[in-house]
Amino acid sequence: MTSFNRQWREDIILPDGSKASCKQDVDRFLKETGLAIAGDYSDDFRQKVRLNQKRTERKLLWAEFIHNYKRSIWYAKK
């Protein structure tokens with residue numbers, strides 16, 4: 001299968017409001033936003049998405065824990 005890299009006749013507007021004039025622009029947008037074309041949802045892609053979600057959740061939980069810990073120290077009764 002051959003992939004064409006030429007400019008399109010008309011630009012398309014992406015969901016973030018930017019314009020894409022070729023396939024590379026769309027691919028770049030998908031990569032930046034963590035999305036994929038429907039045919040690309042392989043097990044590997046899903047595993048990466050789950051891993052990124054778990055990492056984000058751990059970071060948020062850790063930040064909340066530290067915030068509460070500092071708060072408990074600050075307001076501790078003497």
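Predicted, not measured: the structure shown is a model, and the values here were computed from it.

About the criteria used
- Residues numbered from 1 in each chain as written.
- Predicted model: local features only at pLDDT ≥ 70, side-chain atom pairs only at ≥ 80, totals over all residues.
- Heavy atoms only, no water.
- Helix = DSSP H or I, 4+ residues; strand = E, 2+ residues; numbered from the N terminus.
- Contact = heavy atoms within 4.5 Å.
- Areas by Shrake-Rupley, 256 points an atom, 1.4 Å probe, with all protein chains shown as cover.
- Phe/Tyr/Trp six-rings, centres within 6.5 Å; stacked < 30°, edge-to-face > 60°.
- Core = buried A, V, L, I, M, F, W, Y, C linked by side-chain atoms within 4.5 Å.
- Buried < 20%, exposed > 50% of the residue type's maximum accessible area, 1.4 Å probe, protein only.
- Patch = residues over 30% accessible without salt bridge, like charges linked within 9 Å, V, L, I, M, F, W, Y side chains within 5 Å.
- Salt bridge = Lys/Arg side-chain N within 4 Å of Asp/Glu carboxyl O.
- Lys, Arg positive; Asp, Glu negative; His and termini not counted.
- Charge placed at Lys NZ, Arg CZ, Asp CG, Glu CD.

The number of helices and strands found in the protein is two helices and two strands. Tracing the protein from N to C terminus, the helices and strands come up as β-β-α-α. Across the protein, the fraction of contacts at a sequence separation of at least 24, relative to all contacts at a separation of at least 6, is 0%. When the accessible surface of the protein is totalled, it reaches about 7,800 Å², and 55% of it is carbon and sulfur.

Another aspect to go through is the packing of aromatic side chains. Tallied over the entire structure, the rule returns two aromatic pairs. Grouped by ring-pair contacts, the aromatic residues Trp62, Phe65 and Tyr69 constitute a single cluster.

In a soluble, globular protein the nonpolar side chains are often hidden away together inside. One finds Leu14, Ala20, Val26, Phe29 and Leu30 forming the largest nonpolar core, which totals five residues. The element contributing the most residues to this core is helix 1 (residues 23-33), with three residues. With sequence-adjacent residues up to four places away left out, Val26 is seen in contact with Trp8, Ile12, Leu14 and Ala20.

This brings us to the environment of Cys22. Examined against the element boundaries, Cys22 turns out to sit in the loop between strand 2 (19-20) and helix 1. On the basis of relative accessible area, Cys22 is assigned to the buried category, the value being 8%. Residues Cys22 and Asp11 lie 11 residues apart in sequence; the distance between their C-alpha atoms is 7.8 Å.

Taken together, the side chains of Arg46, Arg50, Lys54, Arg55, Arg58 and Lys59 present a region of like positive charge at the surface. Looking at the secondary structure, you find Arg46 in helix 2 (residues 43-74).

Mapped onto the fold, Asp25 is located in helix 1. Each residue touching Asp25, except ones within four places of it in the same chain, is listed here: Leu14, Lys19 and Ala20.

Side chains of Trp62, Phe65, Tyr69 and Ile73 sit close together on the surface and give an oily, nonpolar patch of about 490 Å² of accessible area. Considering the arrangement of structural elements, one finds Phe65 in helix 2.

Purely geometric stuff here, so don't read any function into it on its own.
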